Amino acid sequence: MPKKKKSKIEVIENYYDLKVDKVDELVAALKGEDTEDLPPVSMNISDCTGINDPANVKRNGEQKQFDPYKRDILSRIPVWLKALFIKWWFFGAVAYFSLMGLMNINDNLDKMVITGIIAGIIVELFVNPIFRYMEVDGEYKPYTMFPFPFKAFWTFFANILYYLLVVFAVSWIYTGINIMIGATRTSGYLAIEPLLFALFMLAVDMAAIGVKDLAVYIIKKFHKKKVVENV
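Residues numbered from 1 in each chain as written. Predicted model: local features only at pLDDT ≥ 70, side-chain atom pairs only at ≥ 80, totals over all residues. Heavy atoms only, no water.

Peer 1: What am I meant to see in the overall build of the protein chain here?
Peer 2: When helices and strands are tallied, the protein chain shows seven helices and zero strands. Starting at the N terminus and ending at the C terminus, the protein chain contains elements arranged as α-α-α-α-α-α-α. Here the protein chain holds 231 residues, and 25% of them are scored as buried. Long-range contacts, defined here as pairs at least 24 residues apart, represent 59% of the contacts in the protein chain between residues at least 6 apart. In the structure as shown, the protein chain presents an accessible area of about 17,400 Å², 66% of it carried by carbon and sulfur atoms. (Helix = DSSP H or I, 4+ residues; strand = E, 2+ residues; numbered from the N terminus. Buried < 20%, exposed > 50% of the residue type's maximum accessible area, 1.4 Å probe, protein only. Contact = heavy atoms within 4.5 Å. Areas by Shrake-Rupley, 256 points an atom, 1.4 Å probe, with all protein chains shown as cover.)

Shown next, in the form of structure tokens:
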């Protein structure tokens, strides 16, 4: 006689059946009661994952232990260092592919505009999403001009406009440095190259973000003071 097939409702009910014995074991362990009759919990990676991988075995033949509290290498690096490096790297890539890749364009104004547009797009599509992915409790917000926990349509254009201003500020820095160089000697100038250009962009970007954060702090403090006075 063929075995009767269980209905979907019965399967779902059985799947979500409460494992009472497991709950009792957990309660007993939390209460500190005698659990000697229970099987020991293995912390071997192979036992935890259910996969016998040779990579989970040490050279001496011992099983590698699973440590849920182990911190990876990236988590040991300070947030400020990771944030600044990520921004500096992307700014350098933008400078390399836009300024160096547009050698046929002789007009510096056109180069600056294209670089600013590309920088805004890169920050919106890559840098800010990386920060959102890495952050736990908003620790990357001080390194973002528009620190919103979600993608908004208007931030795309806001970032483009903002980084246009950043790129023009960097070009003025180069102009000022070259004016000072020209005042001290007859020849020579500071040429634009990706690493230094990215460093100047990072400095201007963080300075602008610092001014914005200070303004927000002052406004919030003033608003809080007004609320307290009105109570």
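Peer 1: Looking at this model, I keep getting lost on the packing of helix α6 (residues 153–184) against helix α7 (residues 194–230). Mind explaining?
Peer 2: The description of two packed helices rests on the angle between their axes and on the distance between the axes. Relative to each other, α6 and α7 sit at 120 degrees, their axes nearing to 9 Å. Put simply, α6 runs oblique to α7. The crossing of α6 and α7 is right-handed. Touching Tyr162, Tyr163, Val166, Val167, Ala169, Val170, Ile173, Tyr174 and Ile177 of α6 are Leu196, Phe197, Phe200, Met201, Val204, Asp205, Ala208 and Ile209, all from α7. Among the residues making up the contact of α6 with α7, the classes are represented as 16 nonpolar, no polar and one charged. (Axes fitted to C-alpha atoms, helices over the stretch in contact; angles between N-to-C directions. Parallel < 35°, antiparallel > 145°, perpendicular 65-115°, else oblique. Left-handed = near helix turned anticlockwise from the far one by under 90°. Nonpolar A, V, L, I, M, F, W, Y, C, P; charged D, E, K, R; others polar.)

Peer 1: Would you mind going over the packing of helix α4 (residues 79–100) against helix α5 (residues 108–134) with me for this structure?
Peer 2: Remark: α4 packs on α5, axes separated minimally by 9 Å, with the N-to-C direction vectors making an angle of 150 degrees. One finds that α4 runs roughly antiparallel with respect to α5. Crossing geometry of α4 relative to α5 is assigned as right-handed. Only Lys111, Met112, Thr115, Ile118, Ala119, Ile122, Val123, Phe126, Val127, Ile130, Phe131 and Met134 of α5 make contact with α4, whose side of the interface consists of Lys82, Ala83, Ile86, Lys87, Phe90, Phe91, Val94, Ser98 and Leu99.

Peer 1: I tried to follow the pattern of salt bridges on my own but got confused; where do I start?
Peer 2: Pairs can form between side chains of opposite charge once their charged atoms are near each other. Per the stated rule, a full pass over the model turns up two salt bridges. Between Lys87 and Asp205 there is a salt bridge, with its nearest N and O atoms 2.6 Å apart. Placement of the pair is Lys87 in helix α4 and Asp205 in helix α7, with a sequence separation of 118 residues. Relative accessible area serves as the criterion here: at 2%, Lys87 is assigned to the buried category. The exposure class assigned to Asp205 is buried, which follows from its relative accessible area of 0%. Lys212 is the salt-bridge partner of Asp213, the closest N and O atoms lying 2.9 Å from each other. Look at Asp213 and you get partly exposed, because its relative accessible area is 29%. (Salt bridge = Lys/Arg side-chain N within 4 Å of Asp/Glu carboxyl O.)

Peer 1: Sorry, what's going on with the nonpolar core here?
Peer 2: If you look at soluble globular proteins, the nonpolar side chains tend to sit buried side by side. Counting residues in hydrophobic clusters, the biggest one holds 32 residues, and the most contacted among them are Phe91, Phe131, Tyr162, Tyr163, Val170, Phe197 and Met201. Counting only elements with at least two residues in this core, the list comes to α4, α5, α6 and α7. At eight residues, the largest contribution of residues to this core is made by α6. (Core = buried A, V, L, I, M, F, W, Y, C linked by side-chain atoms within 4.5 Å.)

Peer 1: How do you make sense of the side chain of Lys111 when you look at a structure like this?
Peer 2: When you line up the elements, Lys111 lands in helix α5. Notably, Lys111 is buried but unbridged: the nearest opposite-charge side chain belongs to Asp107, and the N-O separation is 9.1 Å. In this structure, Lys111 is in contact with Leu99, Leu102, Met103 and Ile105, ignoring residues within four places of it in sequence. (Lys, Arg positive; Asp, Glu negative; His and termini not counted.)

Peer 1: Got a minute to help me understand a nonpolar patch on the surface in this structure?
Peer 2: Together, Tyr96, Phe97, Met100 and Ile192 give the surface a local cluster of nonpolar side chains, amounting to about 410 Å² of exposed area. Structurally, the position occupied by Phe97 is in helix α4. (Patch = residues over 30% accessible without salt bridge, like charges linked within 9 Å, V, L, I, M, F, W, Y side chains within 5 Å.)

Peer 1: I would appreciate a short explanation of the confidence of the model for the protein chain in the present structure.
Peer 2: Caution applies to low-pLDDT regions: their predicted coordinates should not be interpreted in detail. Summing up the model confidence of the protein chain, the mean pLDDT is 79 and the portion of residues at 70 or higher is 68%. For the protein chain, per-element mean pLDDT is lowest for helix α1 (residues 8–15), which scores 51, and highest for α4, which scores 93. (pLDDT = per-residue confidence, 0-100.)

Peer 1: Where do I start with α4 in this structure?
Peer 2: A turn of α-helix holds 3.6 residues, and therefore any two residues three or four places apart point the same way. A rise of 1.5 Å per residue sets the reference length of α4, with its 22 residues, at 32 Å; its end C-alpha atoms lie 31 Å apart and thus fit the reference within 8%. All of the buried residues along α4 are Lys82, Ala83, Ile86, Lys87, Phe90, Phe91, Gly92, Ala93, Val94, Ala95, Ser98 and Leu99. Residues of α4 that are buried sit in contact with α5, α6 and α7. (Expected span 1.5 Å × (residues − 1).)

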